[in-house]
There are 2 protein chains.
Amino acid sequence: MAVTMNDVARAAGVSLKTVSNVLNNYEFIRPATRQKVLDAIAELGYEANLTARSLRSGKSRMLGLVVSDLSVPYYAELASRLMTVAAARDYRVLVEQSAATRANELTALQGSLSQLTDGLLFTPLVLDADAMAAARRGTKPLVMLGEHIDDPRFDQVTMKNVGAAKAMTAHLLAGGRRRIAVIGASPGDRAGSPGLRLAGYRAALAAAGVDFDPALIVPAEWRRDGGASAVARLLEGGQPFDAVFGLNDALALGAMHELVLRGIRVPEDAAVAGFDDIDEARFSSPSLTTVAPGMNEIAERCVQLLIDRIEGSEKAASGVHVEAEFELRIRGSAPAARVSQLPQTGTSPTPTPTPAAEGKVDP
Amino acid sequence: MAVTMNDVARAAGVSLKTVSNVLNNYEFIRPATRQKVLDAIAELGYEANLTARSLRSGKSRMLGLVVSDLSVPYYAELASRLMTVAAARDYRVLVEQSAATRANELTALQGSLSQLTDGLLFTPLVLDADAMAAARRGTKPLVMLGEHIDDPRFDQVTMKNVGAAKAMTAHLLAGGRRRIAVIGASPGDRAGSPGLRLAGYRAALAAAGVDFDPALIVPAEWRRDGGASAVARLLEGGQPFDAVFGLNDALALGAMHELVLRGIRVPEDAAVAGFDDIDEARFSSPSLTTVAPGMNEIAERCVQLLIDRIEGSEKAASGVHVEAEFELRIRGSAPAARVSQLPQTGTSPTPTPTPAAEGKVDP
DNA sequence: CCTGCATTCTGCAACGATGTAGCTGAGAGA
DNA sequence: TCTCTCAGCTACATCGTTGCAGAATGCAGG
């Protein structure tokens, strides 16, 4: 019922294969012939059948994206940009949610997703490098996102976790904070986002000559409620602190919510910093100081890398590792200079002037 | 290179078609034969080639989802649930972003997306019903999401916009508010989400005998910054108000952010209400009173409806219209009773006890 | 004039599944 | 005993495209 290449061929008075050649930009076709075919295509409203093309050629021009949960703002924004970048290269993105379970990550890797796509962008959360290597079937390209796995066998696009966490911690120190709680890690974490960011934190403390206090490191699920309950535990534990570094924005926002709820002023009593620069960080009250991990760059680089692998233009034998540049977004929850502990001034609706002080500390 | 049905057939000593029959649960196969085939499948690790199946059968077991921008939290959460619901019926979801442009909506409707999928879940934002009807090619099922279009020709799953906005407005009125600004609509809006929600607002005012003041209706882009700048304009316009009803949560959160920034206390000086109940509404400061529009129900019903259309089990000739039930989520930004206008208590970082005062003002 | 090569186009055979038709043998009914 | 039916299977064509091999043409070089 749909118009096929055969119909076009008949209408243009050429062979089926010539139509195919026109569509695939085959070099040696006389302009006149090409035009006849294009006219026939336009007249009949022909559109290539992607399924047949995919069956025959073995390529689908689709990329698979595996994340734990698309409703997590970071992943939603990432997916959105990946789609845009991929579309510019004439690829689509097919998303699959793993819910961060081992079984789902395995099926995403081995199951029909990889069959339907030409390559995978994978955010591993439970599988480790060996499990991934073992589970990987066939030879379709695979690019890892995030920092759960760091292994030379895999291509990988990630953010500068250590450097960014160090810079943010240095910023808090420069603001006069000395007891900076970290939410979302355990003191012993060494790997993955928590471990790397914690390492950055410790590096900054060391550089500033401030002692590391494990009591300030509070584990939590990386969600808003995790941030809120971590702050609750911190307060109930009686540990004094003058800043909270949430290892992602959700944690930081949850933490800030809980602080405000308990009457602790942000940033006067405690500064709050996050990581990710999700859209809502700009619109919280106060707006959240955070790390912009270069999501645009991440999206561009990983799609680029994956497509280059697919099309064979990236030839590096072992894993290519890309780290995107980050930027600090200094906003109200942890401004550059510590706001002096003013008695509250009351209800003035005038904007507080931003202190221009530049406390550049640093290595 | 991959294992095909032919390999399985050879291994099991049956014909190609018998393997196909086993896979498709054809009724008349001797248990012994079936078992032989299943054994061969297991032994060879055969997996059906979905592309070939799709080419031959004309079905892909994929649903297309068209939204303007996946990074909008409402769409992200919706997409996430749709995928989960679809997966339970053994369907996948392929997402496409329209950026709310006419051209993109048209290509989403006519282009390769509909070719790759068995049916479309479509959130129209710029196309109207006639344009949709005209643009629609072929006969693949199409279910509309949202309220931009309301037309008996189309299947449609939506929320109770009028009822929910009316209930929320009634809640604000019950809290003693009388000058309720609405952000995200023009006074003349009649259709689409803005028009419907505005209608609910007006209905509630009328029911309470409160006059409608067009000066309180402020148009804005449905984003956080739109909410923030709308509040700014409202304040600069000098219109007094004691509540803000953002027609979605992003607007409300942006508005709340701007209010707090300008020293206006929420909810003491102005209550704030939203619409959508996105996850972050619970975690703002104060947490946001909003309408939960029944997203779970929407996700379930629309996937159900679309798949039923695809599989032929829904036979209604004209459009099926479904409205999901809503619930009000009463939270800090607009509590049930109006908090009395306390003088500020000062600098204590200890948690402020929640005032138990019940100043039930009201109609 | 023939050969060789680039150019332009065609035909056939796949890709890996499913639909349709038809064959076979066993048991039921006359 | 001879149909007739139908469970259980097989064979072949087909979905719409692309890869491969090769045919036909024109033109340069010997």
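Source: prediction; values computed, not measured.

Caption draft 1: Broad picture of the relation of the copies chain A and chain B. Rotating chain A by 180° about the axis while translating it 0.1 Å along that axis superimposes it on chain B, leaving an RMSD of 0.2 Å. Taken together, these values place the two copies in the relation of a two-fold axis. Mapped onto chain B, 91% of the interface residues of chain A are again interface residues, and the two copies thus contact each other with one and the same surface.

Caption draft 2: Molecular detail of the pairing of strand β6 (residues 180-183) of chain A. All names here are of chain A. Side chains of β6 alternate between two faces, with I180 and V182 and A181 and I183 buried alike. Alignment of β6 against strand β8 (residues 243-246), held across four bridges, turns out to be parallel. The partner of I183 across the bridge, within β8, is G246. With two bridges connecting them, β6 and strand β7 (residues 217-218) associate as parallel partners.

Caption draft 3: Spotlight on the interface of chain A and chain B. With 57 residues of chain A at the interface, the matching set in chain B holds 56 residues. For the pair chain A and chain B, the summed buried surface comes to about 4400 Å²; carbon and sulfur atoms form 55% of the total. Considering only the side of chain A, the residues that lose the most area to chain B are R92(A), H257(A) and F283(A), jointly responsible for 15% of the buried surface there. Between chain A and chain B we count two salt bridges in total. Measuring nitrogen to oxygen at the nearest pair gives 2.4 Å for the salt bridge that ties R92(A) to E96(B). At the surface where chain A touches chain B, the tally comes to 14 residue pairs in polar contact (both at pLDDT 80 or more). Taken together, the elements giving at least two residues each to the side of chain A that touches chain B come down to α4 (50-57), α5 (73-88), β2 (92-97), α7 (112-116), α11 (224-236) and α12 (249-261) of chain A.

Caption draft 4: Broad picture of the sheet that holds strand β9 (residues 271-273) of chain A. Residue and element names in this part refer to chain A. The four strands are arranged β7-β6-β8-β9 in an open sheet whose pairing can be described as parallel. The sheet is open, and its two edges are formed by β7 and β9, each paired on a single side. Across the sheet, helix α9 (residues 161-174) lies against β6, β8 and β9, angled at about 165° from β8, the strand it touches most. Of the strands in this sheet, β6 and β7 are in contact with α11, which crosses β6 at around 140°.

Caption draft 5: Broad picture of the environment of V85(B). Tracing the backbone shows V85(B) in helix α5 (residues 73-88). Those residues in contact with V85(B), other than ones at most four positions away along the chain, are A299(B), E300(B) and V303(B).

Caption draft 6: Local environment of the protein's contact with DNA strand C. Around DNA strand C, the structure places 25 residues, and the nearest of them are T18(A), T33(A), R56(A), M5(B) and Y46(B). Put simply, 60% of the atoms of DNA strand C that lie within 4 Å of the protein are in sugar or phosphate. A distance of 3.1 Å separates a phosphate oxygen of DNA strand C from a polar side-chain atom of R53(B). Secondary structure elements with two or more residues in the surface near DNA strand C: α2 (16-23) and α4 of chain A together with α2 (16-23) and α4 (50-57) of chain B. The element that contributes the greatest number of residues to the surface near DNA strand C is α4(B), accounting for four residues. Partitioning the surface near DNA strand C into residue classes produces 11 nonpolar, eight polar and six charged.

Caption draft 7: Summary view of the protein's contact with DNA strand D. If you check the shell around DNA strand D, you find 23 residues, and the closest are M5(A), Y46(A), T18(B), T33(B) and R56(B). The sugar and phosphate moieties of DNA strand D supply 63% of its atoms located within 4 Å of the protein. A distance of 2.6 Å separates a phosphate oxygen of DNA strand D from a polar atom in the backbone of M5(A). Mapped onto the surface near DNA strand D, the elements with two or more residues apiece are α2 and α4 of chain A together with α2 and α4 of chain B. In terms of residue class, the surface near DNA strand D is made up of nine nonpolar, seven polar and seven charged.

Caption draft 8: Summary view of the domain arrangement of chain A. If you check the domain split of chain A, you get domain 1 (5-48), domain 2 (61-159 + 294-326) and domain 3 (161-292). Distance from the C-alpha centre of domain 1 of chain A to the C-alpha centre of domain 2 of chain A: 36 Å.

Caption draft 9: Expanded view of unusual backbone geometry. The peptide bond linking V266(A) to P267(A) adopts the cis configuration, its omega dihedral lying at 10°. Within the element layout of this structure, P267(A) appears in the loop between α12 and β9. Backbone geometry places A99(B), a non-glycine residue, at a positive phi of 55°. Residue placement: A99(B) occurs in the loop between β2 (92-97) and α6 (102-110). For A100(B), which is not a glycine, the phi torsion comes out positive at approximately 55°.

Caption draft 10: Seen up close, the nonpolar core. Counting residues in hydrophobic clusters, the biggest one holds 154 residues, and the most contacted among them are F245(A) and F245(B). Apart from the residues within four sequence positions on either side, F245(A) is in contact with A165(A), M168(A), T169(A), L172(A), I180(A), A181(A), V182(A), I183(A), Y201(A), A273(A), G274(A) and F275(A). A131(A), M62(B), L127(B) and M144(B) belong to the second largest nonpolar core, which has 36 residues in total.

Caption draft 11: Layout of α2(A). Taken together, the buried positions of α2(A) are V19(A), S20(A), N21(A) and V22(A). Of the residues trailing α2(A), N25(A) is marked for its positive phi of about 55°.

Caption draft 12: Seen up close, the packing of aromatic side chains. Inspection of the entire model under this criterion finds six aromatic pairs over all chains. Arranged with centres 6.1 Å apart and planes meeting at 85°, the rings of Y26(A) and F28(A) form a pair that is edge-to-face. For F28(A), a relative accessible area of 63% translates into the label exposed. Note on Y201(B) and F212(B): the rings are 6.3 Å apart at their centroids and 70° apart in plane angle, and the pair reads as edge-to-face. In this pair, Y201(B) sits in helix α10 (residues 192-208) while F212(B) sits in the loop between α10 and β7 (217-218), placing the two residues 11 residues apart along the sequence. The exposure class assigned to Y201(B) is buried, which follows from its relative accessible area of 2%. On the basis of relative accessible area, F212(B) is assigned to the partly exposed category, the value being 23%. When the ring centre of F212(A) is taken as reference, the NZ or CZ atom of R202(A) above it lies at 3.7 Å.

Caption draft 13: Seen up close, the pairing of strand β5 (residues 155-159) of chain B. Residues and elements named next belong to chain B. With five of five residues buried, β5 lies mostly within the body of the structure. Covered by surrounding structure in β5 are D155, V157 and M159 together with Q156 and T158, the residues of both alternating faces. Two elements, strand β4 (residues 142-145) and β5, share three bridges in a ladder whose sense is parallel. Bridge assignment links M144 to a residue of β5, and that residue is Q156.

Caption draft 14: Region of interest: the pattern of salt bridges. Under the definition given, this model contains 41 salt bridges over all chains. Close ionic contact of R179(A) with D213(A) constitutes a salt bridge, the shortest N to O distance being 3.2 Å. Residue R179(A) is located in the loop between α9 and β6, and its partner D213(A) is located in the loop between α10 (192-208) and β7; the two are separated by 34 residues in the primary sequence. For R179(A), a relative accessible area of 25% gives the class partly exposed. With a closest N to O distance of 2.8 Å, D130(B) and R153(B) form a salt bridge. Of this pair, D130(B) sits in helix α8 (residues 129-135) while R153(B) is found in the loop between β4 and β5, placing the two residues 23 residues apart along the sequence.

Analysis parameters
Residues numbered from 1 in each chain as written. Chains lettered and ligands numbered in written order. Predicted model: local features only at pLDDT ≥ 70, side-chain atom pairs only at ≥ 80, totals over all residues. Heavy atoms only, no water. Least-squares fit on C-alpha atoms with pLDDT ≥ 70 in both. Contact = heavy atoms within 4.5 Å. Buried < 20%, exposed > 50% of the residue type's maximum accessible area, 1.4 Å probe, protein only. Helix = DSSP H or I, 4+ residues; strand = E, 2+ residues; numbered from the N terminus. Pairing = 2+ DSSP bridges. Buried area = accessible area lost by both parts, 1.4 Å probe. Salt bridge = Lys/Arg side-chain N within 4 Å of Asp/Glu carboxyl O. Polar contact = N/O pair within 3.5 Å; in protein donor to acceptor, adjacent residues only side chain to side chain. Axes fitted to C-alpha atoms, helices over the stretch in contact; angles between N-to-C directions. Near = heavy atom within 4 Å. Nonpolar A, V, L, I, M, F, W, Y, C, P; charged D, E, K, R; others polar. Domains from an automatic or database assignment. Core = buried A, V, L, I, M, F, W, Y, C linked by side-chain atoms within 4.5 Å. Phe/Tyr/Trp six-rings, centres within 6.5 Å; stacked < 30°, edge-to-face > 60°. Lys NZ or Arg CZ within 6 Å of the ring centre and 35° of its normal.

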